[in-house]
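The chain contents come next:
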Amino acid sequence: MSKQFPPQIRIPATYMRGGTSKGVFFNLTDLPKAAQVPGAARDKLLLRVVGSPDPYGKHTDGMGGATSSTSKTVILSKSSKPDHDVDYLFGQVSIDKPFVDWSGNCGNLTAAVGSFAISSGLVDPSRIPDNGVAVVRIWQANIEKTIVAHVPITNGEVQETGDFELDGVTFPAAEVKVEFMDPADGEGSMFPTGNLVDDLQVPGIGTLKATMINAGIPTIFLNAKEVNYNGTELQEAINNDGKALLMFELIRAHGAVKMGLIADIEEAANRQHTPKVAFVAPPADYVSSSGKQINANDIDLNVRALSMGKLHHAMMGTAAVSIATAATIPGTLVNLAAGGGDRQGVTFGHPSGTLKVGAETEKQSNDWVAKKVSMSRSARVLMEGWVRVPGDN
């Protein structure tokens, strides 16, 4: 008698683009009971949905896109917090390992959270105008912070189409303004070491100047020239260089220890999503990955950032929060690369083009405090229905 295999199960899901990322969105109550709570069952399910771990690095048998920007999952529910509409939980799924990282937020997919919440009935209808802008109050459960999304509404429904262009996204769409409230880590200083710039010692590499900040997402900023880059690199310049990737991972691990995120560099392997590593440089001309000419006089600085071990094709939304925050604090490497001084925001160059971000920061006693970071993204539904996974998952 042949072996019997259980059929696939189907789970309501929506495939969405948010900013320069895309992922699979779920309503918490639609998940199988075992996956409605944190733990192994939930992680196993999301890994199978995305198609990980995949030793081929293609995600052929899942919904992932085999990049850090497209190996993402989101779980939403009606908010358990007062004065919030929706709870937003983000899972970054590893491509080649059986691992889901819950340690941080996805700023790009945040742009899609408000839209999904409205369309899924998670937002009180009284808060949604017939025409205008719906203000969706999001509780970001990974980092326990408030985010406010301004979602355009036409005839009572989310307006997804428009003429807002976002470098790194092929087609225009409706603009979604996102505000990250009090984005710094609530525990301790926004600068975990107490310094705006540190000497980061990395065995085998040397001592590097580093700004280590926890705003939006823990990020280690380096000067491009100290790691032998000029800040105008595109993905292939780094992602095809195994030695460079090992160097950045070693820097990330040692920086994570110095930031107090892990106790030993060996722990970095199980914390792939955070911290991020980025390098900055003064403005310079370059040609973006789409062939667009970026002129030095149109930007304040260049930034390149790595996510999940690879140079990002554009810029992670959470890293953009870090960039905005650090740029407005005189003396950080980000601020100095932009020319120094007092600022309320910057326009920075990334591999796909440029992005404008703003921040409100102030010094209270001896610590810097970030009140708000704002930026514009866009989002739209790519597909909706059910995702299927084998029943023995």
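Before reading further, recall that the structure is shown in the block above.
Conventions we followed
Residues numbered from 1 in each chain as written. Predicted model: local features only at pLDDT ≥ 70, side-chain atom pairs only at ≥ 80, totals over all residues. Heavy atoms only, no water. Helix = DSSP H or I, 4+ residues; strand = E, 2+ residues; numbered from the N terminus. Buried < 20%, exposed > 50% of the residue type's maximum accessible area, 1.4 Å probe, protein only. Pairing = 2+ DSSP bridges. Salt bridge = Lys/Arg side-chain N within 4 Å of Asp/Glu carboxyl O. Contact = heavy atoms within 4.5 Å. Phe/Tyr/Trp six-rings, centres within 6.5 Å; stacked < 30°, edge-to-face > 60°.

Asker: What am I meant to see in the environment of Ala184 here?
Answerer: For Ala184, the location among the structural elements is in the loop between strand E9 (175-181) and strand E10 (198-202). Judged by relative accessible area, which is 7%, Ala184 ranks as buried. Sequence separation between Ala184 and Ile213 is 29 residues; the distance between their C-alpha atoms is 8.3 Å.

Asker: Looking at this structure, how should I read the pairing of E10?
Answerer: Across a regular strand the side chains alternate sides, sitting on one face of the sheet and then on the other. The two faces of E10 differ: Asp198, Leu200 and Val202 on one face are buried, but Asp199 and Gln201 on the other face are not. Alignment of E10 against strand E11 (residues 206-215), held across 5 bridges, turns out to be antiparallel. Across the sheet, residue Val202 finds its bridge partner in E11, namely Gly206. Here E10 folds back onto E11 in antiparallel fashion, the turn holding 3 residues, of which Gly204 has a positive phi close to 85°.

Asker: What is the right way to read the pattern of salt bridges from this model?
Answerer: Charged atoms that come close allow side chains of opposite charge to pair. Throughout the structure, instances matching the rule amount to 12 salt bridges. Note that Arg137 and Asp85 form a salt bridge whose closest N and O atoms lie 3.0 Å from each other. With Arg137 in strand E6 (residues 132-140) and Asp85 in the loop between strand E3 (72-78) and strand E4 (86-93), this residue pair connects regions lying 52 residues apart in the sequence. On the basis of relative accessibility, which here comes to 23%, the residue Arg137 falls in the partly exposed class. Ionic pairing is found between Asp199 and Lys209, a salt bridge with its closest N-O pair at 2.8 Å. Here Asp199, found in strand E10, pairs with Lys209, found in strand E11; they are 10 residues apart in sequence, far enough to count as distant.

Asker: What is the right way to look at the environment of Ala320 in this model?
Answerer: You can see Ala320 is positioned in helix H5 (residues 317-327). Look at Ala320 and you get buried, because its relative accessible area is 0%. Remark: the alpha-carbon pair of Ala320 and Leu355, spanning 35 residues in sequence, is separated by 8.4 Å. Beyond its immediate sequence surroundings of up to four residues, Ala320 is in contact with Met315, Phe348, Leu355, Val357 and Met375.

Asker: In this structure, what is going on with unusual backbone geometry? I would like to understand it.
Answerer: Comment: phi is negative for the bulk of residues other than glycine, and the bulk of peptide bonds are trans. Here the bond from Ser52 into Pro53 is cis, since omega is -5°, no more than 30 degrees from zero. Inspection of the secondary structure assignment puts Pro53 in the loop between helix H1 (40-50) and E3. Pro275 follows Thr274 through a cis peptide bond whose omega is -5°. Structurally, the position occupied by Pro275 is in the loop between helix H4 (242-258) and strand E13 (276-281). Positive phi, normally seen in glycine, also occurs at Asn155, with a value near 55°. Inspection of the secondary structure assignment puts Asn155 in the loop between strand E7 (145-154) and strand E8 (157-158).

Asker: It is not clear to me how the packing of aromatic side chains should be interpreted in this structure. Could you clarify?
Answerer: Pairs of aromatic rings are described using the distance from one ring centre to the other and the angle between the two planes. Applying the stated rule across the entire model yields 4 aromatic pairs. Measuring from ring centre to ring centre gives 5.4 Å for Tyr229 and Phe279, while their planes differ by 20°; the resulting arrangement is stacked. Taken together, the residues Tyr229 in the loop between strand E12 (217-223) and helix H3 (235-239) and Phe279 in strand E13 connect sequence positions 50 residues apart. Of the two residues, Tyr229 and Phe279, neither departs from the other in class, the shared state being buried. Between Phe248 and Phe279, the ring centres sit 5.7 Å apart and the planes meet at 10°, which makes this aromatic pair stacked.

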